[in-house]
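Fold and geometry: a report
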Amino acid sequence: MNLSAALTLTGQDNPSRHFETFTQTIDLSLIQQALNTTGTTSIRNRKLPADRVIFLILGMALFRNISIQAVCDHLHLTLPNQAAQSQSIRSSSLTQARDRLGIEPLKYLFELLASKFTLEHTKFDTWRDLTIFGMDGSTMCVPDSLENREYFGAPSNGTRGESAYPQARLVGLMRLGSHRLTGLNIGQYSQGEVSLAEPLYALIPDLSVLIVDRGFLCWPRFWHHQESGQYKHWLIRAKSNLRWKVIKEFGLGDQLVEIKFTWEARKADPSLPVTMQARVIAYQIPGFQPERLVTSLTDVILFPMAEVVGLYHERWEFELGLDEIKTHTLERVETVRSTTPDRVRQELWGLAITYNVVRQEMARIAGVLGVPALRLSYRWCLLLFRNLWSSAWVVASGLIPKHLEQLVVDVENLLLPERRRGRRNPRAVKVKMSGYAKKSRAGAA
């Protein structure tokens, strides 16, 4: 039976079983563990218990084109009462249920699922027996409420003052071979990416290589990372003003160097040695400026120069993962939904969980097909995943879905052609600024 036929049968099922249908994608015991650990398990007999509020938040991330109340109704999340088989719930009650749940259960559930996914990997996740991780930062626009602007802050927009929307700053840790998020930290716009990245280093296992942009350059942090386990390597692009002492020439553009820690760094951290060794690789792609890489991969036999250069450019997979979240999962919507800081963070954790669950299902399909997970179309898999969760729409009485399309595809249609290697395109900003005056805030006189 193909996937479209299975979805048709699912839609003909009894409405009371739809909750069971989409809970198969997440182990309910993990949700209960998250609730118990954070002390948020529902004790009273509520129409919307805590475990179903979690699925409401995941549904908010999955169905961007319908209201929160519609998500709750169509997924049949409210418990039935004695007078009717199902019962609707007011928007204000949904808000109260979200506030009762808080942020911690979603954060804890994300960490549980991420740690579980980290244990599952294939040959496509590794390079030279090392699991490849990428770490980078980004921002997420949030609704322009007074609370969000005061808490998250907003970037300056030159002569036009602050930007139109407040922004939350995110730093994530991703397995580049499958685009699964291993860690995430959510902060205010004014917080630096280096400080937000600090707790994520502890999530990186042995036998790994971490690829980061030069904005994360911190020699003490790298030294502690490589000393915290076995074969925990790092790879970064060098800044133009870096200085070091050359110890050995491995070959043209390939050197073993000695980096000296500053006096200030050693005073702040007495455990630091005077110097650390690293490898510097200089290279140039035709048509681009010369670049230098700095890495702890100092064994030239195990880690050839050309392969290390190619490995660094896998860092772009993190950018593609962000595009999957912002462009496809959020459906190009300008901001998330919530108008208060706590609900924004709650929603962002739900978005991260939903993204990882879709990516996990893609990894399983890829395992069946015997191909890398990145050969599958995220867009198509996301649509099929939505179709599975939206089976409740088929039997919802008195409501007509406005944005649901019939998807008739087989698993083979998810497979993308192999990527063309060696393509090089310069990064460019193509955002056109409006020539109109900035709209004044409500209530300003």
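Attention here is on the structure that accompanies the text. (Residues numbered from 1 in each chain as written. Predicted model: local features only at pLDDT ≥ 70, side-chain atom pairs only at ≥ 80, totals over all residues. Heavy atoms only, no water.)

1. A short note on the overall build of the protein
- The secondary structure content of the protein amounts to 15 helices and 10 strands.
- Counting every position in the protein, which comprises 445 residues, the buried fraction comes to 47%.
- Counting contacts in the protein only where the partners sit at least 6 residues apart, residues at least 24 apart contribute 69% of the total.
- With the model as given, the accessible surface of the protein reaches about 23100 Å², and the carbon-plus-sulfur share is 52%. (Helix = DSSP H or I, 4+ residues; strand = E, 2+ residues; numbered from the N terminus. Buried < 20%, exposed > 50% of the residue type's maximum accessible area, 1.4 Å probe, protein only. Contact = heavy atoms within 4.5 Å. Areas by Shrake-Rupley, 256 points an atom, 1.4 Å probe, with all protein chains shown as cover.)

2. Looking at the environment of alanine 373
- By the element assignment, alanine 373 lies in the loop between helix H14 (341–369) and helix H15 (378–389).
- Between the C-alpha atoms of alanine 373 and arginine 359, which are 14 residues apart in sequence, the distance is 8.3 Å.
- Those residues in contact with alanine 373 that sit more than four places away from it in its chain are Gly177, Ser178, Arg359, Met362, Ala363 and Ala366.

3. Considering the side chain of threonine 327
- Within the fold, threonine 327 resides in helix H13 (residues 316–329).
- There is a polar contact of 2.7 Å between the side chain of threonine 327 and the side chain of aspartate 323. (Polar contact = N/O pair within 3.5 Å; in protein donor to acceptor, adjacent residues only side chain to side chain.)

4. A few points about empty space enclosed by the protein
- Across all of its chains, the model carries three cavities of 30 Å³ or more by this definition.
- As a volume, the largest cavity reaches approximately 150 Å³.
- Around the largest cavity, the lining is made up of 16 residues, and of these Leu170, Leu181, Leu184, Leu322 and Ile325 lie nearest the centre.
- When residues of the lining of the largest cavity are traced back to their parent elements, those giving at least two are strand E2 (130–141), strand E3 (167–175), strand E4 (180–188), H13 and H14.
- When residues in the lining of the largest cavity are grouped by element, the largest group, four residues, is from E3.
- Its residues placed into classes, the lining of the largest cavity shows 13 nonpolar, two polar and one charged. (1 Å grid on protein atoms, 1.4 Å probe; cavity = no way out; pocket = protein on both sides within 12 Å on 5 of 7 lines; lining within 4 Å. Points joined across faces, edges and corners; volume = space filled by probe spheres on them. Nonpolar A, V, L, I, M, F, W, Y, C, P; charged D, E, K, R; others polar.)

5. Considerations on the pairing of strand E10 (residues 291–295)
- As paired elements, strand E6 (residues 232–237) and E10 share three bridges and run antiparallel to each other. Residue pairing across strands places isoleucine 236 opposite valine 294, the latter belonging to E10. (Pairing = 2+ DSSP bridges.)

6. Thoughts on the nonpolar core
- Core analysis: the largest hydrophobic core is formed by 87 residues, its most contacted members being Leu48, Leu348 and Ile353.
- At 11 residues, H14 tops the list of elements feeding residues into this core.
- Other than its neighbours up to four places away in sequence, leucine 348 contacts Met140, Ala168, Leu170, Ile186 and Val336.
- Judged by nonpolar contacts, the second largest core, of 30 residues, contains Met135, Leu173, Ala197 and Trp244. (Core = buried A, V, L, I, M, F, W, Y, C linked by side-chain atoms within 4.5 Å.)

7. Here we look at the side chain of serine 163
- For serine 163, the location among the structural elements is in the loop between helix H8 (146–152) and E3.
- A distance of 2.9 Å separates the side chain of serine 163 from the backbone oxygen of tyrosine 165, its partner in a polar contact.

8. Describing a nonpolar patch on the surface
- On the surface, Val368, Leu369 and Leu415 cluster together to form a nonpolar patch covering roughly 260 Å² of accessible area.
- If you trace the backbone, leucine 369 turns up in helix H14. (Patch = residues over 30% accessible without salt bridge, like charges linked within 9 Å, V, L, I, M, F, W, Y side chains within 5 Å. Salt bridge = Lys/Arg side-chain N within 4 Å of Asp/Glu carboxyl O.)

9. Overview of unusual backbone geometry
- Phi at aspartate 129 takes a positive value of approximately 65°, unusual for a residue other than glycine.
- Looking at the secondary structure, you find aspartate 129 in the loop between strand E1 (126–127) and E2.
- The class for aspartate 129 is exposed, based on a relative accessible area of 66%.
- Of note, the phi angle at glutamate 331 is positive, near 55°, even though the residue is not glycine.
- Structurally, the position occupied by glutamate 331 is in the loop between H13 and H14.
- The partly exposed category is assigned to glutamate 331, whose relative accessible area is 30%.

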